[in-house]
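# Analysis of the macromolecular model
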Amino acid sequence: MDFLPKDISLYAEEHTTSESEVLARLNRETHSKIMQPRMLSGHIQGRTLSMFSHMIRPGRILEIGTYTGYSALCLAEGLAEDGKLITLDINEELEAFTRSFFADSGLDSKIDYRIGNAIEIIPDLEEVFDIVFIDADKLNYHNYYHLVFDKVRTGGYIISDNVLWSGKVTQIEEGKKVDKDTQAILDFNKMCHEDSRTENVLLPIRDGLLISRKL
Ligand code: SAH
Ligand code: CA
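What you see is a predicted model; the values in this text were computed from it and never measured.

What counts, and where the lines are drawn
- Residues numbered from 1 in each chain as written.
- Chains lettered and ligands numbered in written order.
- Predicted model: local features only at pLDDT ≥ 70, side-chain atom pairs only at ≥ 80, totals over all residues.
- Heavy atoms only, no water.
- Near = heavy atom within 4 Å.
- Polar contact = N/O pair within 3.5 Å; in protein donor to acceptor, adjacent residues only side chain to side chain.
- Areas by Shrake-Rupley, 256 points an atom, 1.4 Å probe, with all protein chains shown as cover.
- Donors = N, O, S within 2.8 Å, 3.2 Å for Na, K, Ca; no water.
- Buried < 20%, exposed > 50% of the residue type's maximum accessible area, 1.4 Å probe, protein only.
- Axes fitted to C-alpha atoms, helices over the stretch in contact; angles between N-to-C directions.
- Helix = DSSP H or I, 4+ residues; strand = E, 2+ residues; numbered from the N terminus.
- Parallel < 35°, antiparallel > 145°, perpendicular 65-115°, else oblique.
- Contact = heavy atoms within 4.5 Å.
- Nonpolar A, V, L, I, M, F, W, Y, C, P; charged D, E, K, R; others polar.
- Core = buried A, V, L, I, M, F, W, Y, C linked by side-chain atoms within 4.5 Å.
- Salt bridge = Lys/Arg side-chain N within 4 Å of Asp/Glu carboxyl O.
- Pairing = 2+ DSSP bridges.

### Quick look at the site of ligand 1
- Around ligand 1, a shell composed of 20 residues is seen, among which Ser41, Gly65, Ser71, Asp89 and Asp135 lie nearest.
- Within the backbone of Gly65, a nitrogen or oxygen atom sits 2.8 Å from a nitrogen atom of ligand 1.
- Side-chain polar atom of Ser71 to a nitrogen atom of ligand 1: 2.8 Å apart, as the coordinates give it.
- Out of a free accessible area of 580 Å², ligand 1 has 91% covered by protein chains.

### Notes on the coordination of the calcium ion (ligand 2)
- With distances of 2.2 to 2.8 Å, the protein atoms coordinating the calcium ion (ligand 2) are Asp135 (OD), Asp135 (OD), Asp161 (OD) and Asn162 (OD1).
- When its relative accessible area of 0% is taken as the criterion, Asp161 is described as buried.

### What about the packing of helix 7 (residues 141–149) against helix 8 (residues 180–194)?
- Running from N to C, helix 7 and helix 8 point in directions that differ by 30 degrees, and their axes come no closer than 9 Å. In terms of orientation, helix 7 and helix 8 fall into the roughly parallel class. The segment helix 7 lies against helix 8, with Tyr141, His142, Tyr145 and His146 engaging Ile185, Phe188, Met191 and Cys192.
- The class makeup of the residues in the contact of helix 7 with helix 8 is six nonpolar, two polar and no charged.

### Description of unusual backbone geometry
- Here the phi dihedral of Gln36 falls at roughly 55 degrees; this positive angle occurs in a residue that is not glycine.
- With respect to the helices, strands and loops of the structure, Gln36 is situated in the loop between helix 2 (21–33) and helix 3 (43–56).
- We classify Gln36 as exposed; its relative accessible area is 55%.
- Its identity is not glycine, yet Asn162 carries a phi of approximately 65 degrees, on the positive side.
- Tracing the backbone shows Asn162 in the loop between strand 5 (152–161) and helix 8.
- With a relative accessible area of 10%, Asn162 lands in the buried category.

### Topic: the nonpolar core
- With 29 residues, the main nonpolar core has Leu26, Leu49, Leu73, Leu85, Ile111, Ile159 and Leu209 as its most contacted residues.
- Taken together, the elements giving at least two residues each to this core come down to helix 2, helix 3, helix 4 (70–76), helix 5 (95–105), strand 3 (111–115), strand 4 (129–134) and strand 7 (209–214).
- In terms of residues, this core owes the most to one element, helix 4, which gives six residues.
- Core analysis: the second largest hydrophobic core is formed by 26 residues, Leu88, Ala118, Val148 and Trp165 among them.

### Considering the pattern of salt bridges
- Tallied over the entire structure, the rule returns 13 salt bridges.
- Here Glu194 makes a salt bridge to Lys190, at a shortest N to O gap of 3.2 Å. A residue pair is termed a helical-turn pair when its members lie 3 or 4 positions apart in one helix, as Glu194 and Lys190 do in helix 8 at four residues. For the pair Glu194 and Lys190, a shared accessibility class is recorded, and that class is exposed.
- Where Arg197 meets Asp195, a salt bridge forms, and the shortest distance between an N and an O atom there is 2.9 Å.
- The partly exposed category is assigned to Arg197, whose relative accessible area is 37%.
- Residues joined by salt bridges that share partners form a network here, namely Glu21, Arg25 and Asp104.

### Description of the sheet that holds strand 1 (residues 60–64)
- Read across the open sheet, the seven strands follow the order 3-2-1-4-5-7-6; overall the sheet is mixed. Of all the strands in the sheet, just strand 3 and strand 6 (198–203) have a single pairing partner and so form its edges. Taking each pair of neighbouring strands and ignoring which way they run, the sheet shows an average axis angle of 15 degrees.
- Note that strand 4 and strand 5 share five bridges and pair parallel. If you follow Val132 over to strand 5, its bridge partner there is Ile158.
- The strands touched by helix 7 are strand 1, strand 4, strand 5, strand 6 and strand 7; relative to strand 5, the strand with the most contacts, the crossing angle is about 165 degrees.

Okay, here's the thing in structure tokens:
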């Protein structure tokens, strides 16, 4: 779903730096070869994540939900010289495809891509993160948030994707049943908003990015 009028979206895209050759190819091939290509962050969100990362110059990034690696590559662009991005995905079927793009990106040595269930992997991570990007299954967003919180440095960021959930978060009708994913996002957004340990901005970019800065 587009939250912006078509002409405004187009104009914004036209005045945003283009994707690199590798990202453009990853975008195209994900759309032609992989199921559910809508999950890929895409041009504007990708450039936004890259811009944030350049602003923060993180030493350590954790991404929960790699998919085909598009957002991982965008976030990795802004890493500090000796920086590292750990990205987690449960779907082993995407591994070969995704690794081949990491290899072509020039950022491969900075990316630690692990296949497995993030819920099981995160407790064993010993890093302190400057950015955590939450973008896996929506039902577990609150679990990811609580699991990573103490691993984020003070002044670090938790960025949570799809928090507008195609606009469903504002389309609640009385007496109508809310589906599980929408309810999970509603509960998550409320919990983040009420968390006095962070300062938040919900950016209505693409499907909604919730930026939380740890105080
Ligand atoms: N960040 C990507 C899109 C991620 S799509 C981008 O912006 O381009 C969500 C991904 O989360 C899927 O690839 C799915 O396999 C993964 N996922 C779902 N549940 C998971 C879990 N429990 N642990 C790790 N990854 C999970
Ligand atoms: Ca997403």
